[in-house]
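A structural walkthrough
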Amino acid sequence: MSNTRETLPVAHLSAADLARRVGSGTAVSLPTRLRRRRRGIGWSARLEIAILAGPAVVVFLAFVIFPVVMAAYYGFFRWAGYGPPTNFVGLKNYLVILQDPAFLQALGHNAVIVVMSLVLQGPAAILLALLLNRRMRGQSVIRVLIFVPYVISEVVVGTGWSLMLQSSGALNGLLKNVGLGWLAHDWLADPGVAIWTLMGILTWKYIGFAVILFLAGLQGIPDELYEAAALDGASYWQIQRRITLPLLGPTLRIWAFLSIIGALQLFDLVYIIWGQYVASTAGTSTMATYMVTNGRNAGNFGYGNAVAVVIFMISLVVALVYQRFVLRRDTAGALTERKAR
């Protein structure tokens, strides 16, 4: 009847049915969730979001986005670093960068460092993490000793290794004292050895971070899986290959991402140990040392800013590709769960 008040669920009704029922005098009560969707986010919620996220957004814009924009702007000029830039050169700086053999050589060194960091640090860190994940005497002390190099300042590390590895340094002296003088070498200046010296220092410096990260991932694997596999007759290495490594996959991929980005932006240790001139002749120069040598030290800050923009774009492309093809499997489940909610 037309004068009868009814409460009807309308979430499943079409627009035509809803209009017909309202036109016939039927009182329709919208579901609470539908009314909330129509109202949207209230002003109080928006104010709360602005108060909580506002400072972080301001800091991000001021210290990340703004410097990148200004670097891209100065990259179009030949600028001495003071006063307003007036000598506009357009894309000349960027074209010179991409055609300079010294920059391409530095880019190749960064690529070698990326690959060798993953190859050397990854397996060694996994083995150490598996060892330290088992109960053993002095476990805490060993963990601290492995992690200590990571927290030491790069200046201290670079200065110490440069003193030990020079021709008359402690390492060559030790080799001569133990009768292995034929192994003494110019570890820093020889182009055939210097890159491996750098990789040894980087592995010693950063393997502690990888070990701690992997140990944290191992703590999240339930012991019941190991016990079930052992009852089924699986060996220790079969358990690690079939259970530990697959479940440690997300942690491994995050560590690999951080290692890749760090290797692309490597500067401090190379600059401290080899300096601005020896790095290029020894085969250890990187894109960042090239930027400082040909930008600030050469008095051409516009060119240095252009190099910084190129490094930023290379790192951004690598990060986006890695996110798209590698980290996608780790974020897909979280996004699917969020959509389901």
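Residues numbered from 1 in each chain as written. Predicted model: local features only at pLDDT ≥ 70, side-chain atom pairs only at ≥ 80, totals over all residues. Heavy atoms only, no water.

This part covers the overall build of the protein. Of regular secondary structure, the protein possesses 16 helices and zero strands. A burial count over the protein gives 31% of its 341 residues as buried. Taking contacts inside the protein between residues at least 6 apart in sequence as the whole, the part at least 24 apart equals 62%. Counting only carbon and sulfur atoms, one obtains 66% of the accessible surface of the protein, whose full area is about 21000 Å². (Helix = DSSP H or I, 4+ residues; strand = E, 2+ residues; numbered from the N terminus. Buried < 20%, exposed > 50% of the residue type's maximum accessible area, 1.4 Å probe, protein only. Contact = heavy atoms within 4.5 Å. Areas by Shrake-Rupley, 256 points an atom, 1.4 Å probe, with all protein chains shown as cover.)

Judged by nonpolar contacts, the single largest core of 57 residues is most densely connected at Ile113, Leu198 and Trp274. Looking at which element gives the most residues to this core, the answer is helix α9 (residues 191–219), with 12 residues. (Core = buried A, V, L, I, M, F, W, Y, C linked by side-chain atoms within 4.5 Å.)

Quick look at the packing of aromatic side chains now. Within the structure shown, the criterion is met by 17 aromatic pairs. Ring pairing ties together the aromatic residues Tyr73, Tyr74, Phe76, Phe77, Trp79, Phe88, Tyr94 and Phe301, which thus form one cluster. For the cation-ring pair, Arg46 lies above Trp43, with the distance from its terminal atom to the ring centre recorded as 4.9 Å. The cationic tip of Arg134 hangs over the ring face of Tyr236; the distance from NZ or CZ to the ring centre is 5.3 Å. (Phe/Tyr/Trp six-rings, centres within 6.5 Å; stacked < 30°, edge-to-face > 60°. Lys NZ or Arg CZ within 6 Å of the ring centre and 35° of its normal.)

Our focus in this paragraph is the environment of Ala80. With respect to the helices, strands and loops of the structure, Ala80 is situated in the loop between α3 (43–74) and α4 (92–99). On the basis of relative accessible area, Ala80 is assigned to the partly exposed category, the value being 36%. Taking the C-alpha atoms as reference points, Ala80 and Tyr303, separated by 223 residues in sequence, lie 9.5 Å from one another. Excluding residues that lie within four positions of it along the chain, Ala80 makes contacts with Gly299 and Phe301.

Okay, α4 next. Restricting attention to buried positions, one finds in α4 the residues Asn93, Tyr94 and Ile97. All buried residues of α4 lie within an arc of 95° about the axis, which places them on one face of the element. Across α4 from its buried face, at more than 90 degrees, point the exposed residues Lys92, Leu95 and Gln99. Where α4 is buried, its residues touch α3, α5 (101–132) and α15 (301–325). (Arc of directions from axis to C-beta.)

This part takes up the confidence of the model for the protein. Averaged over all residues, the pLDDT of the protein equals 84, while 85% of them reach at least 70. Long-range and interchain partners of residues 1–13, a stretch whose pLDDT sits below 50, account for 19 contacts in this model, where long-range means more than four residues apart. Scored below 50 in pLDDT, residues 334–340 makes zero contacts in the model with residues more than four places away or belonging to other chains. (pLDDT = per-residue confidence, 0-100.)

Summarising the element assignment, Val114 is placed in helix α5. C-alpha separation for the pair Val114 and Leu264, spaced 150 residues apart in sequence, amounts to 7.0 Å. If we skip the residues at most four places from it in the chain, Val114 touches Ile260, Ala263 and Leu264.

This paragraph deals with the packing of helix α6 (residues 139–151) against α9. Angle between the axes and distance between the axes are the two parameters that describe a pair of packed helices. Relative to each other, α6 and α9 sit at 125°, their axes nearing to 6 Å. Here α6 lies oblique to α9, going by the angle between them. Considering only the axes of α6 and α9, their crossing is left-handed. Here Arg143, Ile146, Phe147, Pro149 and Tyr150 of α6 come into contact with α9, specifically with Trp204, Lys205, Tyr206, Gly208, Phe209, Val211, Ile212 and Leu215. Considering only residue class, the contact of α6 with α9 consists of 10 nonpolar, one polar and two charged. (Axes fitted to C-alpha atoms, helices over the stretch in contact; angles between N-to-C directions. Parallel < 35°, antiparallel > 145°, perpendicular 65-115°, else oblique. Left-handed = near helix turned anticlockwise from the far one by under 90°. Nonpolar A, V, L, I, M, F, W, Y, C, P; charged D, E, K, R; others polar.)

A separate point is the environment of Ala228. Relative to the assigned elements, Ala228 resides in helix α10 (residues 223–231). Ala228 gets classed as partly exposed once you look at its relative accessible area, which sits at 38%. Residues Ala228 and Ile239 lie 11 residues apart in sequence; the distance between their C-alpha atoms is 10.0 Å.

A few words on the packing of α5 against helix α12 (residues 249–264). It is the contact of α5 with α12, at a shortest axis distance of 9 Å, that shows an interaxial angle of 145°. At the point where α5 passes α12, the crossing takes the right-handed sense. Counting all contacts with α5, which are made through Asn110, Ile113, Val114, Ser117, Leu118, Gln121, Gly122 and Ile126, the residues of α12 involved are Leu252, Trp255, Ala256, Ser259, Ile260, Ala263 and Leu264. By residue class, the composition of the contact of α5 with α12 is 10 nonpolar, five polar and no charged.

On the surface, Val57, Val59, Phe60, Leu61, Phe63, Val64, Ile65 and Val69 cluster together into a nonpolar patch covering about 720 Å² of accessible area. Along the chain, the position of Leu61 falls in helix α3. Owing to a relative accessible area of 47%, Leu61 belongs among the partly exposed residues under this scheme. (Patch = residues over 30% accessible without salt bridge, like charges linked within 9 Å, V, L, I, M, F, W, Y side chains within 5 Å. Salt bridge = Lys/Arg side-chain N within 4 Å of Asp/Glu carboxyl O.)

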